[in-house]
Amino acid sequence: KHLALYASITNFHSSTKKSEKKNNDVTLNTGGSNAVKFNVYECTTPKFTKNVESTNAEGEKVTTAVDYWKVSPKFLTRINFVEYNNGGSGVSALTRRVDQCDDLWWGTGDTGDYSTAALAAVACSGVKRQPPASKALEIVIRSPMDPVIKAMDIDSTGCARDFGPTAGEYEVRGIIFYAVAGVCALGAFYLLERSRRSHGWKYPMQDAMYWSIFGDPDDLRERQGIPFCCYRIDPPRVFDTKLEEICYNINEAIAEGKTKQIMGALLYDVTIEANNEGMLRDEYIRERVVEAFNRFGYGVLQSKIAETIPKANPLRHLLDALLTERFDFEAQVIHDAMKGWGCDEDTLTTILCTLDEEDIFKLQNAYSSWFEKSLEAAMLSETEGKYKRVLLLAGCDGVAEAYAKVCHSAIHMMGTDCKALIRIMVTCSHQVMYDTRRAYGRLYNLDLAKDMEGEWAIGGDFKNILCALVKKHPDNIETDPDYDADIEILRNAVEGMGTDEEAIIGVLRNKTEEQLQLLQRKYDATHCEDLKLRLKSETTGIFESEGFRNTLMGLLTNREEQIAVYLKEAFDGWFSNDDWGLISMLIHRSPEEKTLIREAYTMVHGRDLIQDIRANCKGEYEKALVALVAPRARTYARGIKLTAKGWLLSTNKSGLIALLTHKDVLMKGIRAEFQKESKGNTHLTQFLRNECSGEFERALVNIAEYTPPNTYTASNAV
């Protein structure tokens, strides 16, 4: 169709004018005042095929392909033109190249179902169709002044191209472009400035201009990124040692009040440094970090942490434990265990029944220093019964003081406990016996040997051998025994009429356990008889002393086997256990002795010592005796497991802290023993994750996963 489109568009050819659209109905003038509306559409009749089922004359169902046609109209919604410039007035010609223009069409979809193409064609042409208002024909006229048209040839622009920006839009885009370019330039300058300060080079004419723009060029503090010239920040710290960096990080975390960062800097970050120095981590924290923190001028670390972290926070208690010396910390734990109503026996047992001999008096001194009260007095007031006796002898007295008290009780209590005296005299080494005699005099202002000599229940050869053994002295040990002469003396003592007990005592009194075992072997080889059995037969009879015979048998028996015998006798008392016998034979044993005694008990009696303790003893007394026998790591693992109170009470966090800190040297063993204690069902770290949460859980798991460095060697390593 040839139509004339009349439009009066102001400034249509201006460079600031964008191409125009007519979005609604287009009004066409046919030469008069008659206004009409129109739309352009095409209608096609696509062909389709469908299968139709029918029944033939024989009654069978058959499928036949049947053709049908639909009506598919579509409306022209956009048509594009470009005007030739005619000077801005008069009638303009519009150019539209069909081969380059993309007209926009909108289809309504297929409708109808016609049996022939002719019927479909009639439906296409015989019906007046109109699009919806939103799909009215849009006529687009582009001005030749359009920036896109000006930049490109009309023929190459196409007709369906999107409208180009106006001059105003170009201005906005230019502002955005220059803003982005400026930010990039500032960023590049910032990087350039950092490079200049790092490598020491200068800008051209820097000395003349830099001072007025950036300040003192010798001020090496790093500038804030944006703005460059207004603020300054401290430069990155350079540390001479890793320890200095650790202390700096701790101080920064304390200043900001960040507990997580404090824990990270103090606990997690020091492991590698401690391992590099071959130290335990807890030792490194107390001996290196605490001292360096003060030396670098940050103050007293423990005090600053106490000011920063609330006392109710369990991490505060954990940090206190890490920073406090072991015995000061354990003294506080013991005091807290006895504070208030009741007493935390599990904590007391775990600490006092696992002490090394050299640690007992260190703990006592720490407790007295903190609370101005002796640990022994505290135990006497807070515990009772046989359990109290175990804690006093095992955790408050050294081995000499403990044995001195056992001997005093055996002599001065109702009746004389000869078995108790035999046990001490037979199992004590020369040094321990000498120390026991001195402790007896210090405690009771009496001489142990004279007390035995004056005891009416002890007499004859029995008294002689006890008095000889109580006077054992390390300086009197035979350094190079003449075993041949000793064998001859013993042979003469048992041959003939009667037995020369004095000669036997003289041969045995100043020999160590190893020398006595070697003497037996040489005697057996020389005379083809067992010395122990021969002496037993010579000292058995109506007129012979049972105490003397039992003492001889004890001296000639392997020490650990004899202790096993004494323990079984204590279990098999007349009416109840011989508690003095159990306690005296179990206290103050080294880890190696505990293992040997337990193995000897199994070998001699075919039973497990801990099993018999649990069968014959009860309550806290039983737990204390088990702790004296079991490996130290197993006792700690058992204590850790007991901190889980179940669903009624919360986990004993203070107990966990006490049992996990200061145990770096034992931690690998504690992990293994905890798995045994839980019958292989739970690992220590899994237990801690179940019982704790948050940063406290993370800290305890980190402590539990610690392994000492391979280069670490210490006299107290177990």
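Residues numbered from 1 in each chain as written. Predicted model: local features only at pLDDT ≥ 70, side-chain atom pairs only at ≥ 80, totals over all residues. Heavy atoms only, no water.

Further remarks concern the overall build of the protein. Scanning the protein from N- to C-terminus turns up 36 helices and 10 strands. Within the span of the protein, comprising 718 residues, buried residues form 42% of the whole. For the protein, the proportion of contacts with a sequence separation of at least 24, taken over those separated by at least 6, is 64%. (Helix = DSSP H or I, 4+ residues; strand = E, 2+ residues; numbered from the N terminus. Buried < 20%, exposed > 50% of the residue type's maximum accessible area, 1.4 Å probe, protein only. Contact = heavy atoms within 4.5 Å.)

Okay, the environment of A457 next. Within the element layout of this structure, A457 appears in the loop between α20 (448–453) and α21 (460–470). Note: C-alpha distance between A457 and G415 (42 residues apart in sequence) is 8.1 Å.

Two elements in contact, helix α22 (residues 483–494) and helix α24 (residues 513–527), have axes whose closest approach is 10 Å; the angle formed by their N-to-C orientations is 70°. When the axes of α22 and α24 are compared, the pair comes out roughly perpendicular. Seen along the crossing, α22 lies across α24 with a hand that is right-handed. Residue-level contacts link Y483, D486, I487, L490, R491 and V494 of α22 to Q515, L518, L519, K522, Y523, T526 and H527 of α24. Considering only residue class, the contact of α22 with α24 consists of seven nonpolar, three polar and three charged. (Axes fitted to C-alpha atoms, helices over the stretch in contact; angles between N-to-C directions. Parallel < 35°, antiparallel > 145°, perpendicular 65-115°, else oblique. Left-handed = near helix turned anticlockwise from the far one by under 90°. Nonpolar A, V, L, I, M, F, W, Y, C, P; charged D, E, K, R; others polar.)

So, about the state of the cysteines. Counted under the stated rule, the structure contains one disulfide. With its sulfur 1.9 Å from that of its partner, C43 forms a disulfide with C124. Looking down the S-S bond of the C43 and C124 bridge, the torsion is -65°, so its handedness is left-handed. With C43 in strand β4 (residues 41–44) and C124 in helix α1 (residues 117–125), the pair connects residues that are 81 residues apart, well separated along the chain. (Disulfide = S-S within 2.5 Å.)

A separate point is unusual backbone geometry. Leaving glycine out, the prevailing phi sign among residues is negative, and the prevailing peptide bond configuration is trans. Residues other than glycine seldom take positive phi values, yet N445 does so here, at roughly 55°. Relative to the assigned elements, N445 resides in the loop between α19 (430–444) and α20. You can call N445 exposed: its relative accessible area is 70%. We note that K679 has phi near 60°; this positive angle belongs to a residue other than glycine. Relative to the assigned elements, K679 resides in the loop between α34 (667–677) and α35 (684–691). The class of K679 is exposed, set by a relative accessible area of 64%.

Before going further, it helps to examine the nonpolar core. Counting 157 residues, the largest nonpolar core has I334, M379, M425 and L625 as its most contacted members. Counting residues per element, this core draws most heavily on helix α17 (residues 399–412), at nine residues. Ignoring anything within four residues of it in the chain, the contact list for M379 reads I334, M338, L348, L352, K388, L391, L392 and C396. (Core = buried A, V, L, I, M, F, W, Y, C linked by side-chain atoms within 4.5 Å.)

The next thing to look at is the packing of helix α12 (residues 326–337) against helix α14 (residues 360–371). When two helices pack together, their arrangement is captured by the angle between the axes and the distance separating the axes. At their nearest, the axes of α12 and α14 sit 8 Å apart, and the two run at 65° to each other. The pairing of α12 with α14 is recorded here as roughly perpendicular in orientation. As for how α12 packs across α14, the hand of that crossing is right-handed. For the pair α12 and α14, contact is made by F327, D328, E330, A331, Q332, I334 and H335 and by K362, L363, A366, Y367, W370 and F371, respectively. Looking at side-chain class alone, the contact of α12 with α14 contains eight nonpolar, two polar and three charged residues.

Summed over all chains, the structure comprises 42 salt bridges. Note that R286 is salt-bridged to E325, the shortest N-O span being 4.0 Å. Here R286 is found in helix α9 (residues 281–295), whereas its partner E325 is found in the loop between α11 (314–323) and α12, with 39 residues between them in sequence. Three or more residues joined by partner-sharing salt bridges are found here, namely R491, E495, E529, R534 and E538. (Salt bridge = Lys/Arg side-chain N within 4 Å of Asp/Glu carboxyl O.)

Next up on the list: the packing of aromatic side chains. Under the definition given, this model contains 10 aromatic pairs. An angle of 55° between the planes, with centres 5.2 Å apart, marks the rings of F674 and F687 as tilted. Here F674, found in helix α34, pairs with F687, found in helix α35; they are 13 residues apart in sequence, far enough to count as distant. For the pair F674 and F687, a shared accessibility class is recorded, and that class is buried. Over the aromatic face of Y68 sits the side chain of K50, whose NZ or CZ is 5.1 Å from the ring centroid. Over the aromatic face of F296 sits the side chain of R295, whose NZ or CZ is 4.9 Å from the ring centroid. (Phe/Tyr/Trp six-rings, centres within 6.5 Å; stacked < 30°, edge-to-face > 60°. Lys NZ or Arg CZ within 6 Å of the ring centre and 35° of its normal.)

Attention now moves to the confidence of the model for the protein. Model confidence for the protein is summarised by a mean pLDDT of 82, while 80% of its residues fall at 70 or above. The model gives residues 224–232 a pLDDT under 50, and that stretch makes 18 contacts with residues more than four places away or in other chains. (pLDDT = per-residue confidence, 0-100.)

Before going further, it helps to examine the side chain of R423. For R423, the location among the structural elements is in helix α18 (residues 418–427). When neighbours within four sequence positions are excluded, R423 is seen to be in contact with D417, Y566, D578, W580, G581, S584 and M585.

What follows covers a nonpolar patch on the surface. Taken together, the side chains of V172, I176 and V180 make up a nonpolar region of the molecular surface, amounting to roughly 270 Å² of accessible area. Look at V180 and you get partly exposed, because its relative accessible area is 48%. (Patch = residues over 30% accessible without salt bridge, like charges linked within 9 Å, V, L, I, M, F, W, Y side chains within 5 Å. Areas by Shrake-Rupley, 256 points an atom, 1.4 Å probe, with all protein chains shown as cover.)

Turning our eyes to something else, we now look at helix α25 (residues 531–538). Residues of α25 that are buried include every one of L531, R534, L535 and E538, and no others. Looking down the long axis of α25, one finds its buried residues gathered within 95° of arc, a one-sided arrangement. Where α25 is buried, its residues meet α22, α23 (501–508), α24 and α26 (546–555). For α25, the capping residue at the N-terminal end is D530, with a side-chain oxygen 2.8 Å from the backbone nitrogen of K532. (Arc of directions from axis to C-beta. Polar contact = N/O pair within 3.5 Å; in protein donor to acceptor, adjacent residues only side chain to side chain.)

Extensive coverage of helix α33 (residues 653–660) is indicated by the burial of six of its eight residues. G655, L656, I657, A658, L659 and L660 are the residues of α33 that are buried.

Attention shifts here to the environment of S369. By the secondary structure assignment, S369 is in helix α14. With 41 residues separating them along the chain, S369 and D328 place their C-alpha atoms 8.7 Å apart.

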